[in-house]
Amino acid sequence: MSEDHKKGVSLESVQHFAAGTAGGFAGKVLEYPFDTVKVLLQTQDPFKPSYKGAVDCLIKTYKHVGFFGLYKGLASPLAGASAEVATLFTSYGWIKILLGEENHELSLLELSLAGAGSGVFVAHVLTPVELIKCRLQVQQSTGAVKAAYSSPLDVIRKTIRNDGIKGLYQGHVGTLAREIPGNFAWFGAYETGCYLLTPAGKKKEDLPLWANMIAGAGAGVSYWSAFFPADAVKSQIQTDPAFAKSSFVDVFKHIWRTKGIPGLYAGWAVTCIRAAPSHALVFVVYELMMKLFDRA
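Residues numbered from 1 in each chain as written. Predicted model: local features only at pLDDT ≥ 70, side-chain atom pairs only at ≥ 80, totals over all residues. Heavy atoms only, no water.

1. Observations concerning the packing of aromatic side chains
Scanning the entire structure with this criterion turns up twelve aromatic pairs. Seen in terms of ring centroids, F89 and W186 are 5.8 Å apart; in terms of plane orientation they differ by 55°. Their pairing is tilted. With F89 in helix α3 (residues 75-98) and W186 in helix α6 (residues 172-197), this pair connects stretches of sequence that are 97 residues apart. Grouping residues by exposure puts F89 and W186 together as buried. When the ring of Y190 is compared with that of F283, the centres are 3.7 Å apart and the planes differ by 10°; the resulting orientation is stacked. Linking Y190 in helix α6 with F283 in helix α11 (residues 268-295), this pair joins segments that are 93 residues apart in sequence. One exposure class covers both Y190 and F283, and it is buried. Following the ring pairs from residue to residue traces out a cluster consisting of F89, Y92, W186, F187, Y190, F283 and Y286. (Phe/Tyr/Trp six-rings, centres within 6.5 Å; stacked < 30°, edge-to-face > 60°. Helix = DSSP H or I, 4+ residues; strand = E, 2+ residues; numbered from the N terminus. Buried < 20%, exposed > 50% of the residue type's maximum accessible area, 1.4 Å probe, protein only.)

2. What to know about a negative patch on the surface
On the surface, a cluster of negative charge is made up of E12, E102, E205, D206 and D294. Secondary-structure assignment places E205 in the loop between α6 and α7 (209-226). (Patch = residues over 30% accessible without salt bridge, like charges linked within 9 Å, V, L, I, M, F, W, Y side chains within 5 Å. Areas by Shrake-Rupley, 256 points an atom, 1.4 Å probe, with all protein chains shown as cover. Salt bridge = Lys/Arg side-chain N within 4 Å of Asp/Glu carboxyl O. Lys, Arg positive; Asp, Glu negative; His and termini not counted. Charge placed at Lys NZ, Arg CZ, Asp CG, Glu CD.)

3. What to know about the packing of α6 against α7
Running from N to C, α6 and α7 cross one another at 155°; their axes reach a closest spacing of 7 Å. Overall, the two elements α6 and α7 adopt an arrangement that is roughly antiparallel. Where α6 crosses over α7, the two elements pack in a sense that is right-handed. In this structure, α6 uses R178, E179, P181, G182, N183, A185, W186, A189, Y190, G193, C194 and L197 to contact α7, whose residues at the interface are A211, N212, I214, A215, G216, G218, A219, G220, S222, Y223, W224 and A226. Here the contact of α6 with α7 is composed, by residue class, of 14 nonpolar, eight polar and two charged. (Axes fitted to C-alpha atoms, helices over the stretch in contact; angles between N-to-C directions. Parallel < 35°, antiparallel > 145°, perpendicular 65-115°, else oblique. Left-handed = near helix turned anticlockwise from the far one by under 90°. Contact = heavy atoms within 4.5 Å. Nonpolar A, V, L, I, M, F, W, Y, C, P; charged D, E, K, R; others polar.)

Have a look at this one:
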């Protein structure tokens, strides 16, 4: 690889990272209150549920903590979402190069596999971020006078004190089980949508932003539909001390026995509803940033 080519690849990686950061930031601000609802539905007591459904959860949480309470713990996932999407698009770009993108046009299957590979990288960023987010969301929902954690940094400090660094990676298997198939579906659905919306004789880069929005919305729903139960298991491990030391399989079996299929898919509907617009925004901001970089 020539020196000029190396510089070109490095510059493109920086552009992917910057565009992904902006896209992740925008998407997380839009979707966060609905993410709070998802986590609360997943972690409520199956025998004495606090909420009848997504709407009831949203109303009760709003009454307990107000509008801004729905954004409790946003700082950590906001930084995490920016890092997440930046990592996704950067690693996706690297893997496409490894698959020979520069020598031939990659098939939709190869693009999907590149997405699955990027899921391995991003899981290492997401697990500690989501552990912090979930714990703050669950405690905030009760409106308790004495909260266990005062801030994201307090969650980190107490988790490391009690369980060491590895404590920040409780639920990591669940994150991997969600991210690998999820990003296979995410990038696969987006690239398929773009392919179908690209007129004959045109390229993906020529698509208007509304087309990126449609493909992005489909990608968001596909991501969360790929293996949603993994997210339910992860949330349980990260928020309930009784399952902190349990394996992914054991917690999966517990949810299956106590809640059945509805328990494994608790919060799926509201998640897909918020995923469509938020992931559409992620891809629109990403593509817009990349177009601006190309013009610079």
